[in-house]
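Structural overview
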Amino acid sequence: MAKQTWLDFWQKENEFDDSMSMNYAYFLARVEKYIPLSKTQKVLDIGSGPGNLEDAWFDRVVEIHGLDISTRYNKIARSKHAAHPGIYFHDLPADDYLNFGVVANQQFDVIIVMSVVQYYKSAADVETLIRAIKQVAAPGAKALICDLMVGGSVISDILSIMGRSLRQGQLLSMLRLLVRLRFSPYYTVRKENGFLVLSRQEWLDITRRVGVAAHFVDEPLTLQQERMNLLIQF
Ligand SMILES: C[S@@+](CC[C@H](N)C(=O)[O-])C[C@H]1O[C@@H](n2cnc3c(N)ncnc32)[C@H](O)[C@@H]1O
């Protein structure tokens, strides 16, 4: 059988469909400390999935454009937001996912990339992403690239998410998710493809090469506490 890629994984129904919103709630409770919102802002959401950001912000900003390789998620997200003016979801070509041509002549004040980069193929992809973000960033824009795997073991990743879930009163649903993941296609796809992991230094080197001002946010913004969040200020 042909090897399943992450791109195949996200096209099918999967265990994250429901659980992602738990992670997102944690993020939403903290993000505005770094990115204050206003009604005039245009937002770009790269890897928008089922539309968690749009569910929360559709009436907080003037426009949001979600981009995703998963036509399945885009369909779900579009149906939730059909009645909301200014909320758009665009299909990214799976074999050319860094081609943001569909929004190329627009400018955004806020750019969010949540739990996406670990599914990219290489560090070169990440550099292309930051260049693409720079192209569409309005003067004064902020980009937050979140939930970055910068090293550490799978075990410490799991322990950290369990500890945080316990403190959030959600240990049981997290344990249920972890067990389901172990016996799902996720386990095989992860084993065959792994994740893209770049160290903090590699991230900072890339941002220096692209010529953008970036730093890691001090506090965790997602349930997996050792994952990092990179804030770029334009
Ligand atoms: C863990 S989900 C996160 C979704 C959303 N950002 C959230 O946090 O709720 C990962 C998302 O990234 C998308 N994705 C994976 N690889 C991608 C790529 N190369 N380019 C764009 N989106 C991608 C998947 O289809 C999926 O919607």
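Right, let's walk through the structure included here. (Residues numbered from 1 in each chain as written. Predicted model: local features only at pLDDT ≥ 70, side-chain atom pairs only at ≥ 80, totals over all residues. Heavy atoms only, no water.)

A short note on the packing of helix H6 (residues 154-167) against helix H7 (residues 171-182)
Rule in force here: Every axis corresponds to a line fitted to the C-alpha atoms, with the helix fit spanning only the stretch in contact, and the corresponding angles, defined between N-to-C directions, vary from 0 to 180 degrees. Runs of E in the DSSP output that reach at least two residues are strands. Runs of H or I that reach at least four are helices, and both are numbered from the N terminus. If an angle is under 35 degrees, it is roughly parallel; if it is over 145, roughly antiparallel; if it lies from 65 to 115, roughly perpendicular; otherwise it is oblique. Note on contacts: a residue pair qualifies if any of its non-hydrogen atoms lie within 4.5 Å across the two residues. Amino acids outside the nonpolar list (Ala, Val, Leu, Ile, Met, Phe, Trp, Tyr, Cys, Pro) and the charged list (Asp, Glu, Lys, Arg) are all regarded as polar, and Gly is one of them.
At a minimum axis distance of 8 Å, the contact between H6 and H7 shows a crossing angle of 150°. Judged by the angle between their axes, H6 and H7 are roughly antiparallel. Contact residues: Ile 158, Ile 161, Met 162, Ser 165 and Leu 166 in H6; Leu 171, Met 174, Leu 175 and Leu 178 in H7. Classifying every residue of the contact of H6 with H7 by side-chain character gives eight nonpolar, one polar and no charged.

Remarks on the site of the ligand
Using the following cut-off: It suffices for a single heavy atom of a residue to lie within 4 Å of a molecule or strand for the residue to be listed as near it. We define a polar contact as two N or O atoms separated by no more than 3.5 Å, with the added condition that, inside protein, one atom must be a possible hydrogen donor and the other a possible acceptor, whereas residues neighbouring each other in sequence contribute only through side-chain atom pairs. Using a 1.4 Å probe, accessible areas were evaluated by the Shrake-Rupley method; residue-level cover was limited to the displayed protein chains.
The local shell around the ligand holds 18 residues, among which Gly 47, Gly 49, Asn 52, Asp 68 and Met 114 are the closest. Gly 49 places a polar main-chain atom, nitrogen or oxygen, 3.4 Å from an oxygen atom of the ligand. Contact between the ligand and Asn 52: an oxygen atom at 2.8 Å from a side-chain N or O atom of the residue. The fraction of the free accessible surface of the ligand (590 Å²) that becomes covered by protein chains is 98%. Its residues placed into classes, the shell around the ligand shows 11 nonpolar, six polar and one charged.

Some remarks on unusual backbone geometry
Most peptide bonds take the trans form, and the phi angle of most residues other than glycine is negative. For clarity, the threshold we go by: Relative accessibility decides the category of a residue: with a 1.4 Å probe and only protein chains considered, values under 20% of the type maximum give buried, values over 50% give exposed, and everything between is partly exposed.
Phi angles above zero are rare outside glycine, and Ser 115 is one such case at about 55°. Position of Ser 115 relative to the elements: it lies in the loop between strand E4 (108-114) and helix H5 (123-136). Positioned with a positive phi, Asp 147 is a non-glycine residue whose angle comes to about 65°. Here Asp 147 lies in strand E5 (residues 137-148). Residue Asp 147 is classed as buried on the basis of its relative accessible area, which comes to 3%.

Quick look at H6
Here is the rule we go by: Take the residue count of a helix, subtract one, and multiply by 1.5 Å to get its expected span.
Between its first and last C-alpha, H6 extends 20 Å over 14 residues, near the 20 Å set by a 1.5 Å rise per residue. Among the structural elements, helix H2 (16-31) and H7 are those in contact with the buried residues of H6. Downstream of H6 by a residue or two, Gly 169 has a phi angle that is positive, lying close to 70°.

Here's the deal with the sheet that holds strand E7 (residues 228-233)
Which entries qualify depends on this criterion: Whether two strands pair depends on DSSP finding at least two bridges between them.
With mixed pairing, seven strands are arranged side by side in an open sheet as E3-E2-E1-E4-E5-E7-E6. Each edge of the open sheet is held by one strand with a lone partner, namely strand E3 (87-91) and strand E6 (213-216). Direction aside, the axes of adjacent strands within the sheet are offset by 15° on average. Most of the contacts of H2 go to E4, to which it runs at about 145°, and overall it touches E4 and E5.

Here's the deal with the packing of aromatic side chains
In this description, a pair of aromatic rings is defined by centroid distance and the angle of the planes. Using the following cut-off: In this scheme Phe, Tyr and Trp rings, the latter by its six-membered ring, pair at centre separations within 6.5 Å, and the angle between planes marks the pair as stacked below 30 degrees, edge-to-face above 60, and tilted otherwise.
Throughout the structure, instances matching the rule amount to 14 aromatic pairs. Where Trp 6 meets Phe 195, the ring centres are 5.5 Å apart and the plane angle is 15°; that geometry is what we call stacked. Of this pair, Trp 6 sits in helix H1 (residues 6-11) while Phe 195 sits in the loop between helix H8 (185-193) and helix H9 (200-210); the two residues are 189 residues apart in sequence, bridging distant segments of the chain. With centroids separated by 5.2 Å and ring planes inclined at 65°, the aromatic side chains of Phe 16 and Tyr 186 adopt a geometry described as edge-to-face. You can see Phe 16 sitting in helix H2 and its partner Tyr 186 sitting in helix H8, a full 170 residues away along the chain. Each member of the pair, Phe 16 together with Tyr 186, is buried.

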